[in-house]
Amino acid sequence: MQPLVGLIMGSASDWETLQHAAETLERLGVPHEVRVVSAHRTPDLLFEYAGEAEERGLEVLIAGAGGAAHLPGMAAAKTALPVLGVPVQSKALNGVDSLLSIVQMPAGVPTGTLAIGRSGAVNAALLAASILGNKHPGIRQALHDYRREQAEEVLARPDPREEG
């Protein structure tokens, strides 16, 4: 099936975080592709990937990066598609550097920014599904089902002292 989401990351080590986005997209049945596209080591590849994403049928990009975290913003600069940035937790500043690099985009180049790490990766996938759901009813329904299942899990165990 034609991928609707491009899930890109600055290095293979970012997969530890971004795999949670991929798993969530899979759970929702959202077709996606996964690529390592480094803003610093392969800038020509990044420009080609982001510049051609729309014509290839992608509708949303999720870009995860750590440290200087230029990937989401540079991808957003090369496409009109929504770009959702996931800050990857870094060793130096625990991901705060990544978060600030992504969230501080100048006016005119919007880049949605999620939380640092796993939560941000999962929420990026859910937000991508929410965007896609406006056009794809099956994805919208999968998102409704996901939220219903979350509610049912909480309601099934109102007292955390009891076994589930």
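This text gives an overview of the structure that appears in the document. (Residues numbered from 1 in each chain as written. Predicted model: local features only at pLDDT ≥ 70, side-chain atom pairs only at ≥ 80, totals over all residues. Heavy atoms only, no water.)

1. Some thoughts on the sheet that holds strand S4 (residues 83-88)
Within the open sheet, the 5 strands sit side by side as S2-S1-S3-S4-S5. Their pairing is parallel. Each having just a single partner strand, strand S2 (32-36) and strand S5 (112-113) make up the two edges of the open sheet. As paired elements, strand S3 (residues 60-66) and S4 share 6 bridges and run parallel to each other. In the strand pairing of S4, Leu-61 is matched with Val-83. Along the sheet face, helix H1 (residues 15-28) touches strand S1 (5-9), S2, S3 and S4 and points at about 170° away from the line of S1. Most of the contacts of helix H4 (residues 96-103) go to S4, to which it runs at about 160°, and overall it touches S3, S4 and S5. (Pairing = 2+ DSSP bridges. Helix = DSSP H or I, 4+ residues; strand = E, 2+ residues; numbered from the N terminus. Contact = heavy atoms within 4.5 Å. Axes fitted to C-alpha atoms, helices over the stretch in contact; angles between N-to-C directions.)

2. A look at the packing of helix H2 (residues 43-52) against helix H3 (residues 71-78)
At their nearest, the axes of H2 and H3 sit 8 Å apart, and the two run at 50° to each other. The angle between H2 and H3 places the two elements in the oblique class. Handedness of the H2/H3 crossing: right-handed. Between H2 and H3, the contacting residues are Leu-46, Phe-47, Ala-50 and Gly-51 on the first element and Leu-71, Met-74, Ala-75 and Lys-78 on the second. Looking at side-chain class alone, the contact of H2 with H3 contains 6 nonpolar, 1 polar and 1 charged residues. (Parallel < 35°, antiparallel > 145°, perpendicular 65-115°, else oblique. Left-handed = near helix turned anticlockwise from the far one by under 90°. Nonpolar A, V, L, I, M, F, W, Y, C, P; charged D, E, K, R; others polar.)

3. Quick notes on helix H6 (residues 137-156)
Taking 1.5 Å per residue as the helical rise, H6 with its 20 residues ought to reach 28 Å, and the 28 Å between its terminal C-alpha atoms agrees with that figure. Within the sequence span of H6, burial applies to Ile-139, Ala-142, Leu-143 and Tyr-146. The buried residues of H6 occupy an angular sector of 100° when projected down its axis, which confines them to one face. Every exposed residue of H6 that faces more than 90 degrees away from the buried side is listed here: Pro-137, Gly-138, Leu-155 and Ala-156. (Expected span 1.5 Å × (residues − 1). Buried < 20%, exposed > 50% of the residue type's maximum accessible area, 1.4 Å probe, protein only. Arc of directions from axis to C-beta.)

4. Examining the pattern of salt bridges
According to the stated counting rule, one finds 7 salt bridges in the structure shown. Where Glu-33 meets Arg-56, a salt bridge forms, and the shortest distance between an N and an O atom there is 2.6 Å. Taken together, the residues Glu-33 in strand S2 and Arg-56 in the loop between H2 and S3 connect sequence positions 23 residues apart. Taking relative accessible area as the criterion, Arg-56 reaches 33% and is therefore assigned partly exposed. Notably, a salt bridge pairs Arg-148 with Glu-152, separated by 3.3 Å at the nearest N-O pair. With Arg-148 and Glu-152 both in helix H6, this residue pair falls 4 residues apart, about one helical turn. (Salt bridge = Lys/Arg side-chain N within 4 Å of Asp/Glu carboxyl O.)

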